[in-house]
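Per-entry structural report
If you want the building blocks of each chain, they are given just below.
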Amino acid sequence: MDRREQFVEADGQRYTVFELANCQNCGQEYLVGHQKDDPDGGRFLAHSSDMEQPEFYLIAKDWGNDTALFDSDDETEEHAHYNNKSEKFHLCLKCGSITPFSVACHGECCEPADPAKIVTVVRVPFTGKGQDVNCCPCCGTTRSGLIRRFLTANQPATFTIAKSLYDAIPPRPEQTVPASPSPSGGGLFTSWVSQLHSAAPASEEPGDERGRKLLIFSDNRQEAAFFASYFDKKYRQVMWRRLILKCLRHAEGQTMSVESLIDAVQGEAFRANLYPENVANDPHKRKKMATQYVLYEFLAVDSRTGLEGLGYLKVTPSSALPRIPNIDTFPCFVPGLTHRECWDLFCFFLDTLRQKGACSFPEPASPTDEFFAPRNRIYSFRQEGAQNTASEVMLAFCPPDTCVNKRSAFLQKLLPLLGRSQDEAKPILSDLASSMTELPWFSSLNQGFLGQRYQLNYRTWEISYLPEDATVYRCKRCGRITTYSIRGLCPEMHCTGTLEAIPAGQVRQDRYYRHLLESEKIIPMEAREHTAQLSSQTAAEYQREFEEGKINVLSCSTTFEMGVDVGELEATFLRNVPPETSNYIQRAGRAGRRTSSAAFSVTFARRRSHDMTFFQSPEKIISGDIHVPSLEITNEKIAERHLNSIVIAWLFKKNRQYFDGNVCAIVAAEDTAALTMAQALEQALEAHPQELLDEIHATFSDAICTSLGVDEWKFIDQLSGPAGSLTKA
């Protein structure tokens, strides 16, 4: 798992190791690095340090254009402005030497001098918001975080482990007496391992799955707080996706409208105790939450890892509307296509709008809900003239003359197959846009200065479950999944791949997603943070609810290491290797403190030197020395704070009124003539009371007293003087 910068063959030949990144949409690979000067002359492509902005290089054979065309819908949404000046270089795959393309290179940089080791690479300069490369010239997509390095992100990795561990913990419903574990304590471990290796989950009978408890530790307070909300959001999403699939499967092949699916999911969620306590007793809130999760899948917000992207759902405009004839007679708006092909093409055009969110929303959900962030704005479209305002994103169905979008790009791929010119794409889109808005699949917006816009009408769409043997289409090149095929063309921009017909079950062979989504077991979960930034009252309330099983997961910092009894707890999860053996023992030791429960602790080792050291030798974190807690009494900073506490405590003994809730006297309110605490202290110390001086000398050594100027009473100004700490407070 160590980072390599060179690979040595058996014959001693050394080869440079390059870091890889890829596009999250099309999968295109990129080389990652940073150009640096070679001490022997020239430049080479080196690994980027944590402090350097990485550069992304595309091997030229994977992209044959000098000018990139991006989806104008993405450009509108992202406010993107591109620098299209691509820079080409010669790169040696053996030694990493990199030279400008204008300089001839025949492989003389290292032995052997073979031109075959030289490739042409293009440095990707395209940027949108900020300075990160968030667009791919190969597929024309623009999206934040589009090109990612192959790094193990802490949040997703630890979520996967924490979810598997939480699911394996036996439920403890309030009305049942928990069964004692087996003497070996292996039930929990066996269940967890079997989950990770099973190909497909067996069907489960619904039951009360409440009462699980899991403690998660992080060293950093901010990380603990963030992971609580992250885990809560991701776990709930998995459970709601299971419910949506369950309701669609139980429809037995029938399609469901968006509204009917919301109603079905809402009832199932209530029966499965999936709603949080503050939502469960409010019908309006229950309806809103169910609507949000159904819309999230309907709009395909997670285009690759959502239910539609993984081949579980089919989302189509309804073809059985009162004003719509049979789709076998759908108008042929593209000469050369059949009626059915034109209907499929029309569905594709509508999908490009649906997946951007240009759709009406059923009440009580709203496109501005924080649930849909960062895309929580109104989206609409019109024939021409895209616009991005603070409250609304208006897409242009027809792109400007110098731009393309997914609709025009697909037509430009399709028309040559029909013996027609690519120049016909724009007129075809214009004619379609001018007439299609009269159809029932669209609703009109006409508000204020923004003028006439349109959205898809959610009431005219259908959602259905795809059985294992249902036919779907997958691109042989980029892997894109779709439920229709128009002359075998991949719908992705710039992708030259062709579609192949496969059963839906073949798409769902990934064992992780199969287990994650196909199980019908619904496990309620409430997650909260427990860190020092909480008030003592809130922290105590969360601890009590955790002990009672109302809160299932606590994401903690060091606040739970010592002095906290959380009752019966079977498992803990450490999101990093603790700094010391004592920390590990305190965290792992939270579990198994009752004789009726087994103890199980999992630690995630991050890719940093401390964690990797103990990953290679895990016994060291258990058998290491535990140092006796100590306090350096000669530390002046600590001594100064302790001196302040002694002085203030002496004042409180003399003036007990400050304990009686007289906050005004402490903060110097203008409506009282009483002395402030700083003023009272300064007045009391003017007499240089001997009993206070004796107490200070009894506490500190002579050396500390001398350094702090105790006998000279220097601490008076430091506390209550014009610049004193108490005066400032």
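Let me begin by describing the structure that accompanies this report.

This part is about the overall build of the protein chain. Helix and strand content of the protein chain: 23 helices and 28 strands. Sorting the 729 residues of the protein chain into buried and exposed places 50% on the buried side. A separation threshold of at least 6 residues defines the contact pool for the protein chain, and within that pool the share at least 24 residues apart is 68%.

Among the secondary structure elements, Leu 58 is positioned in strand β6 (residues 55-59). According to the relative accessible area criterion, Leu 58 is buried, its value standing at 0%. Placed 65 residues apart in sequence, Leu 58 and Arg 123 show a C-alpha to C-alpha distance of 6.4 Å.

So, about helix α8 (residues 339-354). The end-to-end C-alpha separation of α8 is 22 Å, in line with the 22 Å expected for 16 residues at 1.5 Å each. Counting buried positions over the 16 residues of α8 gives 14, a clear majority of the element.

This structure, assessed with the given rule, holds three cavities of 30 Å³ or more. Volume-wise, the largest cavity comes out at about 90 Å³. Lining the largest cavity we find Leu 299, Val 301, Lys 356, Gly 357, Phe 361, Pro 367, Phe 372, Arg 375, Arg 377 and Tyr 379. Tallied by class, the residues present in the lining of the largest cavity amount to six nonpolar, one polar and three charged. Taken as a whole, the second largest cavity holds about 50 Å³ of empty space. Around the second largest cavity sit Ile 169, Pro 170, Arg 172, Gly 211, Arg 212, Lys 213, Glu 568, Leu 569 and Glu 570, which together line it. Looking at the lining of the second largest cavity residue by residue, the classes come out as three nonpolar, one polar and five charged.

For helix α13 (residues 536-548), with 13 residues, the first-to-last C-alpha span of 18 Å sits near the 18 Å given by 1.5 Å per residue. In this structure, the buried side of α13 is in contact with β13 (214-217), β25 (527-530) and β26 (553-556). Two residues or fewer after α13 comes Gly 549, characterised by a positive phi angle close to 90°.

Moving on to the sheet that holds strand β23 (residues 481-482). Strand order in this open sheet of three strands is β23-β22-β24, and the pairing throughout is antiparallel. The two strands at the open ends of the sheet, each matched to only one other strand, are β23 and β24 (499-503). Relative to β23, strand β22 (residues 471-475) is paired through two bridges, and the arrangement is antiparallel. Note on β23: the bridge partner recorded for Arg 474 is Ile 481.

This part covers the packing of aromatic side chains. By convention here, two paired aromatic rings are described through the distance between centres and the angle between planes. Counted under the stated rule, the structure contains 31 aromatic pairs. With 5.9 Å between their ring centres and 80° between their planes, Phe 298 and Trp 461 make a pair best called edge-to-face. Remark: Trp 461 occurs in strand β21 (residues 461-465) and Phe 298 occurs in helix α7 (residues 283-298); sequence separation between them is 163 residues. Seen from their ring centres, Phe 333 and Phe 349 are 6.3 Å apart, and the 45° between their planes marks the pair as tilted. Of this pair, Phe 333 sits in the loop between β15 (313-317) and α8 while Phe 349 sits in helix α8, placing them 16 residues apart in sequence. Per residue, the accessibility class of Phe 333 equals that of Phe 349, and both read buried. An aromatic cluster is defined as three or more aromatic residues linked by ring pairs; in this entry it consists of Phe 330, Phe 333, Trp 343, Phe 346, Phe 348, Phe 349, Phe 381, Phe 397, Phe 410, Trp 441, Phe 442 and Tyr 454. Just above the ring of Phe 546 sits the side chain of Lys 213; from NZ or CZ to the centre is 5.6 Å. The ring of Phe 397 carries Arg 407 above its face, with NZ or CZ at 5.0 Å from the centroid.

This part takes up the sheet that holds β13. Pairing is parallel in the open sheet, where five strands are placed in the order β25-β26-β13-β27-β28. At either end of the open sheet lies a strand with only one pairing partner, and these are β25 and β28 (600-603). Taken pair by pair, the neighbouring strands of this sheet meet at an average axis angle of 20°, ignoring direction. Both β13 and strand β27 (residues 571-574) contribute to a ladder of three bridges, which runs parallel. Counted as the bridge partner of Phe 217 is Leu 574 from β27. With respect to the sheet, helix α4 (residues 221-249) is in contact with β13, β25 and β26, its orientation differing from that of β25 by roughly 180°.

Tallied over the entire structure, the rule returns 39 salt bridges. The shortest N-O distance in the salt bridge between Arg 340 and Asp 344 comes to 3.9 Å. With a gap of four residues between them, Arg 340 and Asp 344 both fall in helix α8, about one helical turn apart. A salt bridge links Glu 518 to Arg 508, with the nearest nitrogen and oxygen atoms 3.9 Å apart. With Glu 518 in helix α12 (residues 511-518) and Arg 508 in the loop between α11 (504-507) and α12, the pair connects residues that are ten residues apart, well separated along the chain. Arg 508 shares its class with Glu 518; the two are buried. Here the residues in one salt-bridge network are Asp 232, Arg 236, Glu 526 and Arg 528, joined through shared partners.

It is worth spelling out a nonpolar patch on the surface at this point. Taken together, the side chains of Leu 631, Ile 633 and Ile 638 define a hydrophobic patch exposed on the protein surface, amounting to about 320 Å² of accessible area. Looking at the element boundaries, Ile 633 is found in the loop between α16 (619-623) and α17 (636-654).

So, on to the side chain of Asn 457. Following the sequence through the fold, Asn 457 ends up in the loop between β20 (452-456) and β21. Discounting residues that sit within four places of it in the chain, Asn 457 has contacts with Ser 360, Pro 440, Trp 441, Phe 442 and Ser 443.

This part covers the environment of Phe 270. Tracing the backbone shows Phe 270 in helix α5 (residues 258-271). Along the backbone, Phe 270 and Asn 281 are eleven residues apart, and their C-alpha atoms lie at a distance of 9.7 Å. Other than its neighbours up to four places away in sequence, Phe 270 contacts Tyr 275, Ala 280 and Arg 286.

What follows deals with the nonpolar core. Core analysis: the largest hydrophobic core is formed by 105 residues, its most contacted members being Trp 240, Phe 298, Phe 333, Leu 345, Phe 346 and Phe 397. No other element matches the twelve residues that α4 contributes to this core. The contacts of Trp 240, once residues within four sequence positions are left out, are Val 265, Ala 269, Leu 274, Tyr 275, Met 289, Ala 290 and Tyr 293. Judged by nonpolar contacts, the second largest core, of 23 residues, contains Leu 651, Ile 696, Cys 705 and Val 710.

Remark: α4 packs on α5, axes separated minimally by 9 Å, with the N-to-C direction vectors making an angle of 120°. Between α4 and α5, the crossing angle belongs to the class labelled oblique. Relative to α5, α4 is oriented so that their crossing is right-handed. Taking contact as the criterion, the partners of Trp 240, Leu 243, Ile 244, Lys 246, Cys 247 and Leu 248 in α4 are, on α5, Leu 261, Ala 264, Val 265, Glu 268 and Ala 269.

Reading the values: rules and limits
Residues numbered from 1 in each chain as written. Predicted model: local features only at pLDDT ≥ 70, side-chain atom pairs only at ≥ 80, totals over all residues. Heavy atoms only, no water. Helix = DSSP H or I, 4+ residues; strand = E, 2+ residues; numbered from the N terminus. Buried < 20%, exposed > 50% of the residue type's maximum accessible area, 1.4 Å probe, protein only. Contact = heavy atoms within 4.5 Å. Expected span 1.5 Å × (residues − 1). 1 Å grid on protein atoms, 1.4 Å probe; cavity = no way out; pocket = protein on both sides within 12 Å on 5 of 7 lines; lining within 4 Å. Points joined across faces, edges and corners; volume = space filled by probe spheres on them. Nonpolar A, V, L, I, M, F, W, Y, C, P; charged D, E, K, R; others polar. Pairing = 2+ DSSP bridges. Phe/Tyr/Trp six-rings, centres within 6.5 Å; stacked < 30°, edge-to-face > 60°. Lys NZ or Arg CZ within 6 Å of the ring centre and 35° of its normal. Axes fitted to C-alpha atoms, helices over the stretch in contact; angles between N-to-C directions. Salt bridge = Lys/Arg side-chain N within 4 Å of Asp/Glu carboxyl O. Patch = residues over 30% accessible without salt bridge, like charges linked within 9 Å, V, L, I, M, F, W, Y side chains within 5 Å. Areas by Shrake-Rupley, 256 points an atom, 1.4 Å probe, with all protein chains shown as cover. Core = buried A, V, L, I, M, F, W, Y, C linked by side-chain atoms within 4.5 Å. Parallel < 35°, antiparallel > 145°, perpendicular 65-115°, else oblique. Left-handed = near helix turned anticlockwise from the far one by under 90°.

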